[in-house]
Amino acid sequence: MFLHEVETCIAQREDFAFETTLAGRGYLKLISHLRADGWRVELIYLALPSMEMSKLRVAERVAHGGHNIPVADIERRFARSLGNLFNTFSAQVDACRCFMNSDATPELVFEQQGEVRNVVHTQHYQHLLKEAAL
């Protein structure tokens, strides 16, 4: 269903957005295709400071009727997602913004266009690099 909706938006040249963990690299081909076809691709990444907070957010979502993600999946995906953000996806889109989403108001960590990354919040940035094991 989801992929069909994306394909429909692309065919009709309608703007669209979708959510992903960036734990895999599967969307790189789509991003490349879209950019080659004249689309502007922007990435907004909402980071959490730790795997533990990610687990707590999932538990809170489940308590409110949302879907679960197994703890093993969170543990496997957390650092990989950050690594994909820093090393791959941020340079493949037209514009990337990463926010720390640990409080009521997300804080901008960095912005990037192409290979040019502007770090806005050094402490959060260094922390996320550490969490990504980079």
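In what follows, the accompanying structure is described. (Residues numbered from 1 in each chain as written. Predicted model: local features only at pLDDT ≥ 70, side-chain atom pairs only at ≥ 80, totals over all residues. Heavy atoms only, no water.)

## Observations concerning helix H3 (residues 51–63)
Formally: Each helix is a run of H or I in the DSSP string that is no shorter than four residues. Each strand is a run of E no shorter than two, and both are numbered from the N terminus. To estimate how far a helix should reach, multiply one less than its number of residues by 1.5 Å. Contacts between residues were defined by any pair of non-hydrogen atoms, one from each residue, lying within 4.5 Å.
Between its first and last C-alpha, H3 extends 19 Å over 13 residues, near the 18 Å set by a 1.5 Å rise per residue. Among the structural elements, helix H4 (71–92) are those in contact with the buried residues of H3. One or two steps after H3, the chain reaches Gly65, where phi turns positive at roughly 90°.

## Concerning the packing of helix H2 (residues 28–36) against H4
Short version of the rule: Convention adopted: a line fitted to C-alpha atoms gives each axis, helices being fitted over their contacting stretch, and angles between N-to-C directions are expressed from 0 to 180 degrees. For classification purposes, an angle smaller than 35 degrees is called roughly parallel, one larger than 145 roughly antiparallel, one from 65 to 115 roughly perpendicular, and anything else oblique. Note on convention: the crossing is left-handed when the near helix lies turned anticlockwise from the far helix by less than a right angle, right-handed when the turn is clockwise. Just so you know the grouping, Ala, Val, Leu, Ile, Met, Phe, Trp, Tyr, Cys and Pro go in nonpolar, Asp, Glu, Lys and Arg go in charged, and all remaining residues, Gly too, go in polar.
Closest axis-to-axis distance for the H2/H4 pair is 10 Å, and the angle between their directions is 20°. As judged from the angle between their axes, H2 and H4 are roughly parallel. The chirality of how H2 crosses H4 is left-handed. Counted together, Leu28, Ile31 and Arg35 of H2 and Thr88, Phe89, Ala91 and Gln92 of H4 form the full contact between these two elements. Classifying every residue of the contact of H2 with H4 by side-chain character gives four nonpolar, two polar and one charged.

## Some remarks on the side chain of Lys55
Within the secondary structure layout, Lys55 lies in helix H3. Residues in contact with Lys55, not counting those within four places in the same chain, are Val71, Ile74 and Glu75.

## Focus on the nonpolar core
To be explicit about the condition: Residues enter a nonpolar core if they are buried and are Ala, Val, Leu, Ile, Met, Phe, Trp, Tyr or Cys, with the set joined through side-chain atoms within 4.5 Å. For the exposure calls, accessible area comes from a 1.4 Å probe over protein chains only, and a residue counts as buried if that area is under 20% of its type's maximum, exposed if over 50%, partly exposed in between.
Core analysis: the biggest nonpolar cluster contains 26 residues, and Leu85, Phe86, Cys98, Phe110 and Leu128 have the highest contact counts within it. Of all elements in the fold, only helix H1 (2–11), H2, strand E1 (42–47), H4, strand E2 (95–100), strand E3 (107–113) and helix H5 (122–131) reach the threshold of two or more residues within this core. Not counting residues up to four positions away in its chain, the partners in contact with Phe86 are Phe110, Arg117, Tyr125, Leu128, Leu129, Ala132 and Leu134.

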